[in-house]
Amino acid sequence: MESMQRVIRRSGVFSRLLILLLGLAALLLAYTLIRQNLPGRLTHGWPWKLRLLDVQSAVAAVLATGGAYLARAQYARTVRPALGYVSRVYAGFAPRDQLAWVCHLFNGSQDVATVEEVAYRFTYTPVAHAGGAADSSAWIGHREAVAALEAGGLLSREDFSLNSIGPGNPLGGQQQIFVGWFTEKAMRDVQDAFVRVRVTDRVGDAHERVINLMKAAVRSPSHPDPLPL
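Criteria and cut-off values
- Residues numbered from 1 in each chain as written.
- Predicted model: local features only at pLDDT ≥ 70, side-chain atom pairs only at ≥ 80, totals over all residues.
- Heavy atoms only, no water.
- Helix = DSSP H or I, 4+ residues; strand = E, 2+ residues; numbered from the N terminus.
- Expected span 1.5 Å × (residues − 1).
- Buried < 20%, exposed > 50% of the residue type's maximum accessible area, 1.4 Å probe, protein only.
- Contact = heavy atoms within 4.5 Å.
- Axes fitted to C-alpha atoms, helices over the stretch in contact; angles between N-to-C directions.
- Parallel < 35°, antiparallel > 145°, perpendicular 65-115°, else oblique.
- Left-handed = near helix turned anticlockwise from the far one by under 90°.
- Nonpolar A, V, L, I, M, F, W, Y, C, P; charged D, E, K, R; others polar.
- Pairing = 2+ DSSP bridges.

Chemist: Describe helix 1 (residues 12-36), and please don't skip the residues or the numbers.
Modeler: Spanning 25 residues, helix 1 covers 35 Å between terminal C-alpha atoms, matching the ideal 36 Å at 1.5 Å per step. Inspection of helix 1 places S15, L18, A25, L29, Y31, T32 and R35 among the buried residues, and these make up the whole buried set. Where helix 1 is buried, its residues contact helix 2 (55-79).

This is the structure we're talking about:
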């Protein structure tokens, strides 16, 4: 279920409109070239009697719209977010000096992105299944995710914590944002904790990535991880 970052929606105004204009300019150029090479007697009938553009103007329209589309595509790559995540064992997050597996989301690009949606899905270990826990069948929001984990016998802010990241939250370039932490007790029950993050960049394109907070998790930590260099 984990996935690499992908574009799930292009901006209608700044992408599809440019494609439409480029297609229209190409049609005008094709019409102009065909009309110009028809025998003179045929240009008096419909639709060839319509003289829309000369060849030079039609070529200029194609070059202008094509150039605008390429410029937009280049700018979109420049401001495209780079969604990633990092997880480590920390002390000081969970109560009673428990060590916790702590997860952060980061934007590795140089430009800001805006959070559109954060959703969750969980799968559980055989031990949790034996106790009645059921894997998620659909993506759920923050409140439902906390309730689902608590229904399996875990306590919010005691055994785990999920940060509430609402729509409109900015994710600046080179910025990290806290996602959640899990204690050893929580990791005995939770096999996978998938988080689907959707953000919108400066040009209006929507990007999505699904991450697994439990990937490479240290499920029985004995000491905190060393600080990164």
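Next, the rest of the story.
Chemist: I'd love a proper account of the side chain of D111, names of residues and values included.
Modeler: Its location among the elements puts D111 in the loop between strand 3 (100-107) and strand 4 (113-124). Classification of D111 by relative accessible area gives buried; the value is 14%.

Chemist: Can you explain the packing of helix 1 against helix 2? Please cite residues and give values.
Modeler: Between helix 1 and helix 2, the least distance of the axes is 9 Å, while the angle of their chain directions is 160°. Taken as axis vectors, helix 1 and helix 2 run roughly antiparallel relative to one another. In the crossing of helix 1 with helix 2, the sense of the turn from one axis to the other is left-handed. For the contact of helix 1 with helix 2, the class distribution of residues is 17 nonpolar, 5 polar and 1 charged.

Chemist: For the environment of A26, give the residues involved together with the corresponding values.
Modeler: By the secondary structure assignment, A26 is in helix 1. With 100 residues separating them along the chain, A26 and P126 place their C-alpha atoms 60 Å apart.

Chemist: Can you explain the sheet that holds strand 9 (residues 206-212)? Please cite residues and give values.
Modeler: On the basis of which strands lie adjacent, the open sheet formed by 5 strands has the order 1-9-8-4-6 and antiparallel pairing. The open sheet has two edge strands, strand 1 (6-9) and strand 6 (170-171), and neither has a second partner. Two elements, strand 4 and strand 6, share 2 bridges in a ladder whose sense is antiparallel. Considered in strand 6, the bridge of T114 is made with P170.

Chemist: Before we move on, could you go through the sheet that holds strand 3 and cite the residues and values that matter?
Modeler: Sheet architecture is open: 4 strands sit in the order 2-3-7-5, paired in antiparallel fashion. Pairing within the sheet leaves two strands with one partner each, and these edge strands are strand 2 (83-90) and strand 5 (160-162). Adjacent strand axes in the sheet meet at a mean angle of 25° when their direction is disregarded. Examined bridge by bridge, strand 3 and strand 7 (residues 175-183) share 8 bridges and lie antiparallel to one another. Within the sheet, the bridge partner assigned to F106 lies in strand 7 and is Q176. On top of the sheet, helix 4 (residues 142-151) reaches strand 5 and strand 7; it is set at about 170° to strand 5, its chief contact.

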